[in-house]
Amino acid sequence: MQVEEVFHSFDIPNDQCSKNRALSNTRIGDFLNDVVPQSQVFKPSQLKVYNDPVHGHIQLNPACQCIVDTPQFQRLRYIKQLGLVYYVYPGAAHNRFEHSLGTCHLAGVFVRTLKQNQPFLGISDKDILCVEIAGLCHDLGHGILSHFFDQQFLPSVETSKETTHESISVRMFRHLVQENRLMQADGKLRSFGLDDNDILFIEEQISGDTTYLQGEWKYKGRGKEKAYLYEIVSNKRNGIDVDKFDYFARDCHHLGISNNFDYTRYMKFARVIEVDGQLQICIREKEMSNLYNMFYTRFNLHKQAYQHKVKCAIEAMVKTALLKANDFIFFQGLQRQYRMSECSQDMEAFSQLTDNVLFKILYSPDPRLKESRDLINRIFKRDLYKTVYESYPVAAEELSTIAEAKIQKEIKEIADSSNSDLQIDDFVVGIAHLDFGMNKNNPTERLNVYHKDDINRGTQLRSEHVSTILSPSKFSEVIVRVFSCSKDDRKSERIHSSSREWFDKNVKKIAQV
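Notes on the structure in this doc start here. The structure presented is a predicted model; accordingly, all values stated were derived computationally and were not measured.

**Observations concerning the packing of aromatic side chains**
Aromatic rings in a pair are described by how distant their centres are and how their planes are angled relative to each other.
Here's step 1: Counted by the stated rule, this structure contains 20 aromatic pairs.
Here's step 2: For the ring pair Y87 and F380, a centre distance of 6.3 Å and an interplane angle of 15° mean the geometry is stacked. Pair noted here: Y87 is in the loop between α5 (71-74) and α6 (96-117) and F380 is in helix α18 (residues 370-380), with a separation of 293 residues, a long-range link.
Here's step 3: On the basis of relative accessibility, which here comes to 21%, the residue Y87 falls in the partly exposed class.
Here's step 4: Plain terms: the ring middles of F245 and F261 are 5.3 Å apart, the flat faces sit at 50° to each other, and that makes the pair tilted. Here F245, found in helix α12 (residues 242-255), pairs with F261, found in the loop between α12 and α13 (263-269); they are 16 residues apart in sequence, far enough to count as distant. Like F245, the residue F261 is buried in the burial classification.

In structure tokens, the structure reads:
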């Protein structure tokens, strides 16, 4: 989009458009900043400095610091960033707390870079602050052991209504603001110039509604002329955002896995351009190989750590332990007590859900928790479920309609046909999903690029135009594993043979180990 088209495209009055058409980018930026009021500019002495192992010394402004200094945010210190990966990689001891600080930092760096490179966009100080707060608070809704809670535990409990941490994060952010009176007349966030519309803008960034991708603008926090701001913290268009920038770098650092993606270079070459009537964040075409490094880093992290077979075995044990304990441990909410699976209904109760729940079960004298205690004790003694069958990677389409429970049931039926005494509780089936972040789709084809000789025009760059070597033909695969819960070697052998027979019958052209 040409500079002089900014006003016409987004319905700024024609007389103002004509008046400012000849202005430089800097003057246009001054004009738009007059339209959108600026919030307070913080003095260096007001900034809190954190020495981060990934980003070095980062500065946090006092508006963000007043959020950090709340019990609801401090809770993130007690939730492992990678959940049960810590039981496989001892270095993966970092928590959601430091990841949230890092995401806040990168969100500020990214939006300020856009403002500096394209001042005519009219990015105000309040916009920057809201984007930083969204980055800071985007993970408030994580429960026990991070993604284990919303991706493994909650979907297995019939009474659960909310299973995404994003929706819970929005509710927890509202709870944090209300409980700490941050937006009251004398509240700290209010004193830094934020209003109710800004709070709504922050919530919208965290929730990540995707309707705007189809051209339907339902956001109320900011207008369509600020659409690109919604692609910084949680980018639903193509999954390229500062949340991933931080956790890729942070996880690789603590896991000892190499990270070949240069997020600082990506941000410097990013540019906001109008494409198909929407202002989007686009990237220089030569940076596509750098982006492929990001997606390959994501794949390697899942392959080597997030979906590690030992981690998945432990995850199955913890899941069973929590499901068996769900009816017998409670957390006090504002009005009543809640089970683990119900805590998302009350943010006061949810605030008590941290990784310490494992120890709450382990040290409870309640005889009804014996089975759960025994499973947790097995984990601490490294008496783990054994992987008795693991497939090579399979194209995701071949198993797209087959759930873990269905596979488990059919393996049991095969065992029964040979008069086996195998029980359904003797084994667990797990499916590890490996992709570039958008299931079977290529996320790079949802990102528009620009060329240096035409920096105001965004176009789609097909993967084969980037490289015939780097571009894969498929973007999603699965690995199916079967774990034996039994210590009986005879049963483990029966589980292995029944699993192999199931794959021979149901999965085309698959090799087994």
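Still to come is the rest of the account.
**Considerations on the pattern of salt bridges**
Here's step 1: Applying the stated criterion across every chain yields a total of 34 salt bridges.
Here's step 2: Here D374 and K370 are joined by a salt bridge, their closest N and O atoms 2.8 Å apart. Of this pair, D374 and K370 both sit in helix α18, four residues apart, roughly one helical turn.
Here's step 3: On the basis of relative accessible area, K370 is assigned to the partly exposed category, the value being 47%.
Here's step 4: Among the charged side chains, a salt-bridge network with shared partners connects K126, D127, D195, D198, R222 and K226.

**Observations concerning the nonpolar core**
Here's step 1: Within the largest apolar cluster, 130 residues are counted, with the highest numbers of intra-cluster contacts made by I67, I232 and Y266.
Here's step 2: Of all hydrophobic cores here, the second largest spans 20 residues; its members include V388, A415, L422 and V482.

**A look at the pairing of strand β1 (residues 48-52)**
Here's step 1: Where β1 and strand β2 (residues 56-60) come together, five bridges link them in antiparallel fashion. Residue pairing in the sheet places V49 in a bridge with Q59 of β2.
Here's step 2: Taking the residues that link successive antiparallel strands as the turn, the β1-β2 hairpin has three residues.

**Considerations on the sheet that holds strand β3 (residues 271-275)**
Here's step 1: Within the open sheet, the four strands sit side by side as β3-β4-β10-β11. Their pairing is mixed. Where the open sheet ends on each side, the last strands, each with one partner, are β3 and β11 (454-460). Strand-to-strand twist in this sheet, taken as the mean axis angle between neighbours without regard to direction, amounts to 50°.
Here's step 2: Relative to strand β10 (residues 448-451), strand β4 (residues 278-284) is paired through two bridges, and the arrangement is parallel.

**Things to note about a nonpolar patch on the surface**
Here's step 1: Residues F359, Y363 and F380 make up a contiguous nonpolar surface patch of roughly 330 Å² in combined accessible area.
Here's step 2: Among the structural elements, Y363 can be located in the loop between α17 (357-362) and α18.
Here's step 3: Overall, Y363 belongs to the exposed group, its relative accessible area being 63%.

**Topic: helix α19 (residues 404-417)**
Here's step 1: Compared with an ideal rise of 1.5 Å per residue, which puts 14 residues at 20 Å, α19 spans 20 Å between its outermost C-alpha atoms and is within 8% of the ideal.
Here's step 2: Within α19, burial applies to I407, Q408, E410, I411, K412, I414 and A415.
Here's step 3: Tucked into the core, α19 has its buried residues touching β9 (427-435), β12 (476-484) and α21 (489-506).
Here's step 4: After α19 finishes, the residue N419 shows a positive phi value of roughly 60°.

**So, α18**
Here's step 1: Residues of α18 that are buried: S372, R373, L375, I376, R378 and I379.
Here's step 2: Elements in contact with the buried residues of α18: α15 (309-325) and α17.
Here's step 3: Two residues or fewer after α18 comes R382, characterised by a positive phi angle close to 60°.

**Brief notes about the environment of A63**
Here's step 1: For A63, the location among the structural elements is in helix α4 (residues 62-68).
Here's step 2: Given a relative accessible area of 0%, A63 falls into the buried group.
Here's step 3: With 126 residues separating them in the primary sequence, A63 and L189 have C-alpha atoms 6.0 Å apart.

Thresholds, definitions, all that
- Residues numbered from 1 in each chain as written.
- Predicted model: local features only at pLDDT ≥ 70, side-chain atom pairs only at ≥ 80, totals over all residues.
- Heavy atoms only, no water.
- Phe/Tyr/Trp six-rings, centres within 6.5 Å; stacked < 30°, edge-to-face > 60°.
- Helix = DSSP H or I, 4+ residues; strand = E, 2+ residues; numbered from the N terminus.
- Buried < 20%, exposed > 50% of the residue type's maximum accessible area, 1.4 Å probe, protein only.
- Salt bridge = Lys/Arg side-chain N within 4 Å of Asp/Glu carboxyl O.
- Core = buried A, V, L, I, M, F, W, Y, C linked by side-chain atoms within 4.5 Å.
- Pairing = 2+ DSSP bridges.
- Axes fitted to C-alpha atoms, helices over the stretch in contact; angles between N-to-C directions.
- Patch = residues over 30% accessible without salt bridge, like charges linked within 9 Å, V, L, I, M, F, W, Y side chains within 5 Å.
- Areas by Shrake-Rupley, 256 points an atom, 1.4 Å probe, with all protein chains shown as cover.
- Expected span 1.5 Å × (residues − 1).
- Contact = heavy atoms within 4.5 Å.

Everything listed is a geometric property; what it means functionally is a separate question.
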